[in-house]
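Examining the three-dimensional arrangement
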Amino acid sequence: MSARPYVIDEMISAKAIAARIEALCREIHDEFDGTDKLVVVGLLRGSFVFIADLVRELDLPIEVDFLEASSYGDGMESSREVRILKDLRGAIEGRDVLVVEDIVDTGHTLNHVTRLLASRNPARLKSIALLDKPSRREVDFKADWTGFEIPDEFVVGYGIDFAQRNRNLPFIGKVRFIDGPA
Ligand code: PRP
């Protein structure tokens, strides 16, 4: 929990997120139409809300699996080190795979995870991120689909945490610290 008091200002409403997901799903449907071997892979923990809404909007036969990667710990700065804390349950060789991420920041997490999954020889490997902060990029990575490009703000909600809190907000908010008396 942060020792500094803060408030959360709404940045992207639940309604705007839902509308964007609808549009993204039309594109994803066009890409994967006809396949019966799509595995949608959520990166824990941040993507759990996004993947839940995404798969319910996707009118395709799918399986769902999860992988947990972590690079941040409980702090605000990336350690630049991506660790696989929980691997997929199923094999993805010959399968179509859609990796679902909440946010691309430095790019290390999705870059590492997509390379790892590509080494397992899926038939097709695509990625989607709800949020993208291009100004923070440290490795050259771009998801195949992005929900919203955002400036370098500290965002929370819709699955994204601040020191493990606020993941359950239904919208994307930005953290604003309130400086108290010295
Ligand atoms: C956050 C976020 C992304 C990653 C993006 O995960 O959910 O997975 O960082 O940052 P990057 O592009 O700089 O790698 P975190 O490690 O905090 O774990 P969490 O998903 O459990 O919150």
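Rules behind the numbers
- Residues numbered from 1 in each chain as written.
- Predicted model: local features only at pLDDT ≥ 70, side-chain atom pairs only at ≥ 80, totals over all residues.
- Heavy atoms only, no water.
- Helix = DSSP H or I, 4+ residues; strand = E, 2+ residues; numbered from the N terminus.
- Rg over C-alpha atoms; globule rule 2.2 N^0.38 Å.
- Buried < 20%, exposed > 50% of the residue type's maximum accessible area, 1.4 Å probe, protein only.
- Contact = heavy atoms within 4.5 Å.
- Lys, Arg positive; Asp, Glu negative; His and termini not counted.
- Charge placed at Lys NZ, Arg CZ, Asp CG, Glu CD.
- Phe/Tyr/Trp six-rings, centres within 6.5 Å; stacked < 30°, edge-to-face > 60°.
- Salt bridge = Lys/Arg side-chain N within 4 Å of Asp/Glu carboxyl O.
- Polar contact = N/O pair within 3.5 Å; in protein donor to acceptor, adjacent residues only side chain to side chain.

Another aspect to go through is the overall build of the chain. The secondary structure content of the chain amounts to three helices and nine strands. Its helices and strands in sequence order give the chain the pattern β-α-β-α-β-β-β-α-β-β-β-β, from N to C terminus. Expected size for 182 residues packed as a compact globule is a radius of gyration near 16 Å; at 17 Å, the chain falls within 12% of this value. Seen through its principal axes, the chain has C-alpha atoms that stretch 60 × 35 × 25 Å. By residue count, 47% of the 182 residues in the chain fall in the buried class. Of all intrachain contacts in the chain linking residues separated by at least 6 positions in sequence, the fraction that spans at least 24 positions is 68%. If the 24 positive side-chain charges of the chain are averaged to one point and the 32 negative ones to another, these points end up 3 Å apart.

Here the distance between the centres and the angle between the planes together describe a pair of aromatic rings. Enumeration over the complete set of coordinates arrives at five aromatic pairs. Here the aromatic rings of Phe-154 and Phe-162 are separated by 5.0 Å at their centres, their planes lie at 75 degrees, and the arrangement is edge-to-face. Given the relative accessible area of 6%, Phe-162 is considered buried. Where Phe-162 meets Phe-177, the ring centres are 5.9 Å apart and the plane angle is 85 degrees; that geometry is what we call edge-to-face. You can see Phe-162 sitting in the loop between β8 (155-156) and β9 (172-177) and its partner Phe-177 sitting in strand β9, a full 15 residues away along the chain.

Moving on: the side chain of Asp-65. Within the secondary structure, Asp-65 is located in strand β3 (residues 62-70). For the buried Asp-65, no salt bridge exists, and the shortest N-O distance to an oppositely charged side chain is 4.4 Å, to Lys-86. At 2.9 Å, the side chain of Asp-65 forms a polar contact with the backbone nitrogen of Gly-90. In this view, Asp-65 contacts Val-39, Val-40, Val-41, Gly-42, Lys-86, Leu-88, Arg-89 and Gly-90; residues no more than four positions away in its chain are not counted.

This next bit is on the pattern of salt bridges. The final tally for this structure, using the stated rule, is 17 salt bridges. Between Arg-137 and Asp-132 there is a salt bridge, with its nearest N and O atoms 2.7 Å apart. Asp-132 gets classed as buried once you look at its relative accessible area, which sits at 2%. In this structure, Asp-161 engages Arg-167 in a salt bridge whose closest nitrogen and oxygen atoms are separated by 3.5 Å. Since its relative accessible area comes to 13%, Arg-167 is described here as buried. Members of the salt-bridge network, linked through shared partners, are Asp-105, Lys-133, Arg-136 and Asp-152.

In short, geometric facts, not functional conclusions.
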